[in-house]
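This is what each chain is made of:
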Amino acid sequence: MTKEAATDHPHAPVLLVLASTYPRWPGDPEPGFVHELSKRLTDRFRVVALVPHAPGAKRHETMDGVEIVRYRYAPQRLQTLVNDGGIVSNLRKKKWRFLLVPSFVLGQAWAAWRLVREQRIDVVHAHWLLPQGLIAALMQWLPGRRVPFVVTSHGADLYALRGRALDTMKRFVIGRAAAATVVSRAMLGRLDAIGAGAAKASVLSMGVDLTQRFAPDPSMLRSDRELLFVGRLVEKKGLRHLLDAMPAVLRAHPDTRLVVAGFGPEERALREQVCTLGLGHAVRFLGAVPQADLPSLYRRAALFVAPFVRAESGDEEGLGLVLVEAIGCGCPIVVGNVAAMEEVFGAELPAAAVDARDAPALAARIIAALDNPEVSRESAARLRETVVERFDWERIADAYARLLTRAGGAA
């Protein structure tokens, strides 16, 4: 692909991106994978992203060639449905936020319909089956042009949003879509289980910049005893299980330290757990960490621990791009054994995966990795060779560009 922005060409096809999670400003620590894909499509499309507004964000701006429109769904101080944990976790934490859902969905639907009418959108990319996929599907019944859409499920929409009515909506969305993607093969089984047309979906993950940002740096020394956790502080990320395992790790290696980079609704409970377990000297919470600062954490850590579990709601990791980031930087990994992990690890999975709910087993796996650093680093090097082939952004963005072009052209 060329790197010339499509916005320089007045006749470039127009792509409307619908999403919930999106950076509020440059350097925002919120997950930025939708924007990372969108900006890599600006050489083939004029890209307009319609996303929810948040306190401190601009209503309209252009970031990395992407035209961003943020719609309001409540008074500014109440726009708390999306950020600092994600929609599912935020709804579970504070039930009153369910009152925001109707205006959140209707606000995006109204704004999307107006953009379709005003800007002659050629194709829509809806991230998440619900609500964005449903909005894109319903827009085809509204007055005006019927715009084809591609829908991508990232995991929480498929795993956590369960029930007969919700499954019916998902089937409707898949049925109306020109194409559908999921970010791991494990998700195809869930689509099939709800009768949502798994045969129509293809596996196409989000990507990671593995050539520049998330790459090894031989000049940095890797720690012998620093454990690293990166992610939202929500149930499915499993940090509380890692904290349960830490006393056993410290008995084997008293100088071990755990660095936690992330934020979310469980932070207070996790900090209390640290105090209860007497881990204050061994655990450091960094809070929100900008993407630009993550590579140095990955390059320094002795071991990246991602204790993924299935949450009580049924939510679990659709893929876990932080794993790919860490592997890209050459960091050894211990991971919770949820379904999507085979997508990342392949043949290396048995050596890296463990039932994270089993604190003694998790501790034993961490201790073994710390005891054998050379073996761990050799495994990480082998993994890096495989993930570069599958997850580098250039390949991922090119595949999405072809898919969206076919969807728009078919119309």
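Now for a quick tour of the structure. Keep in mind it's a predicted model, so treat the numbers as computed, not measured. (Residues numbered from 1 in each chain as written. Predicted model: local features only at pLDDT ≥ 70, side-chain atom pairs only at ≥ 80, totals over all residues. Heavy atoms only, no water.)

### A few points about the sheet that holds strand β4 (residues 66-71)
Here is the rule we go by: When DSSP finds at least two bridges between two strands, those strands are taken to pair. What counts as a helix is a DSSP run of H or I of at least four residues, what counts as a strand is a run of E of at least two, and both are numbered from the N terminus. For every element, the axis is a line fit to its C-alpha atoms; helices are fit only across the contacting stretch, and the angle between N-to-C directions ranges from 0 to 180 degrees. Residues count as neighbours in contact if any of their non-hydrogen atoms are within 4.5 Å of one another.
Here we have eight strands laid out as an open sheet, ordered β3-β4-β2-β1-β5-β6-β7-β8, and mixed in their pairing. Both edges of this open sheet fall to β3 (60-63) and β8 (201-203), since each of them pairs with a single strand only. For this sheet, the mean angle separating the axes of adjacent strands, direction not counted, is 25°. Bridge analysis of β3 against β4 gives four bridges, and the strand direction is antiparallel. Its bridge partner being in β4, H60 is matched across the sheet by V69. With respect to the sheet, helix α4 (residues 129-139) is in contact with β1 (14-18), β5 (123-127) and β6 (149-153), its orientation differing from that of β6 by roughly 165°.

### Considerations on the sheet that holds strand β14 (residues 353-354)
The six strands are arranged β11-β10-β9-β12-β13-β14 in an open sheet whose pairing can be described as parallel. Each edge of the sheet is formed by a strand with only one pairing partner; in this case those strands are β11 (283-287) and β14. The sheet contact formed by strand β9 (residues 226-230) and strand β12 (residues 303-306) spans two bridges and is parallel. Bridge pairing in β12 links L227 to L303. Strands β9, β12, β13 (333-336) and β14 of the sheet are contacted by helix α14 (residues 359-371), whose axis makes an angle of about 165° with β12.

### As for helix α15 (residues 373-391)
Applicable threshold: Take the number of residues in a helix, subtract one, and multiply by 1.5 Å to get its expected span. Throughout this description, buried means an accessible area under 20% of the type-specific maximum (1.4 Å probe, protein chains only), exposed means over 50%, and partly exposed covers the range between.
Spanning 19 residues, α15 covers 25 Å between terminal C-alpha atoms, matching the ideal 27 Å at 1.5 Å per step. Among all positions in α15, only S376, S379, A380, L383, R384, V387 and F391 are buried.

### Remarks on the nonpolar core
Side chains that are nonpolar tend, in soluble globular proteins, to be buried together. Here is the rule we go by: Nonpolar cores were defined as sets of buried Ala, Val, Leu, Ile, Met, Phe, Trp, Tyr and Cys residues, with membership established by side-chain atoms within 4.5 Å.
Among the nonpolar cores identified, the biggest contains 112 residues, and L16, Y298, F304, V335 and F345 are the most heavily contacted of them. Every residue in contact with Y298, bar those within four places of it in the chain, is listed here: F214, R222, L228, V230, F304, V322, E325, A326, C329 and C331. Within the second largest apolar cluster, 29 residues are counted, among which are L233, V283, A302 and A363.

### Considering the side chain of D315
When you line up the elements, D315 lands in the loop between β12 and α11 (321-328). Overall, the relative accessible area of 7% leaves D315 in the buried class. In contact with D315, other than residues within four places in its own chain, are G155, A156, Y159, A160, K236, V309 and R310.

### Regarding the pairing of β9
To be explicit about the condition: Handedness is read with the strands pointing away from the viewer; a crossover is right-handed when the path from the first strand over the helix to the second is clockwise.
Most of β9 sits out of view: five of its five residues are buried. Of the two faces of β9, the one lined by E226, L228 and V230 and the one lined by L227 and F229 are each fully buried. Looking at chain direction, β9 and strand β10 (residues 257-261) are connected through five bridges and run parallel. Bridge pairing in β10 places E226 opposite R257. In this region the chain leaves β9, passes through helix α8 (residues 239-252) and returns to the parallel neighbour β10; the handedness of that crossover is right-handed.

### Some thoughts on α14
Here α14 spans 18 Å end to end across 13 residues, near enough to the 18 Å set by a 1.5 Å rise per residue. Contact partners of the buried residues in α14: β9, α8, β12, β13, β14 and α15.

### Quick notes on the environment of D224
Locating D224 in the fold gives a position in the loop between β8 and β9. Owing to a relative accessible area of 53%, D224 belongs among the exposed residues under this scheme. Spatially, the C-alpha atom of D224 lies 7.1 Å from that of L370, the residues being 146 residues apart in sequence. Those residues in contact with D224 that lie beyond four places of it in its chain are A302, L370 and R377.

### Comments concerning the packing of α11 against α15
To keep it simple, the criterion reads: For classification purposes, an angle smaller than 35 degrees is called roughly parallel, one larger than 145 roughly antiparallel, one from 65 to 115 roughly perpendicular, and anything else oblique. Crossing chirality is assigned from the near helix's rotation relative to the far helix, an anticlockwise turn below a right angle marking it left-handed and a clockwise turn marking it right-handed. Each residue gets one label: Ala, Val, Leu, Ile, Met, Phe, Trp, Tyr, Cys and Pro are nonpolar, Asp, Glu, Lys and Arg are charged, and the others, such as Gly, are polar.
Look at α11 against α15: their axes get within 8 Å of each other, and the N-to-C directions meet at 120°. Comparing their axes, α15 and α11 come out oblique. As α11 packs across α15, the resulting crossing turns out to be left-handed. For the pair formed by α11 and α15, the contact residues are V324, I327 and G328 on the first element and A380, L383, R384, V387 and F391 on the second. A breakdown of the residues in the contact of α11 with α15 according to their chemical character gives six nonpolar, one polar and one charged.

### Section: the pattern of salt bridges
Formally: Whenever a carboxyl oxygen of Asp or Glu lies within 4 Å of a side-chain nitrogen of Lys or Arg, that contact is scored as a salt bridge.
Taken as a whole, this structure holds 20 salt bridges when the rule is applied. Two residues, E67 and R46, come together in a salt bridge whose shortest N-O distance is 2.7 Å. Taken together, the residues E67 in strand β4 and R46 in strand β2 (residues 46-52) connect sequence positions 21 residues apart. Judged by relative accessible area, which is 23%, R46 ranks as partly exposed. For R92, the salt bridge goes to E235, with nearest N and O atoms at 3.0 Å. Within this pair, whereas R92 is found in helix α2 (residues 87-93), its partner E235 is found in the loop between β9 and α8, the two being separated by 143 residues in sequence. Through salt bridges with shared partners, a single network forms among E36, K39 and R40.

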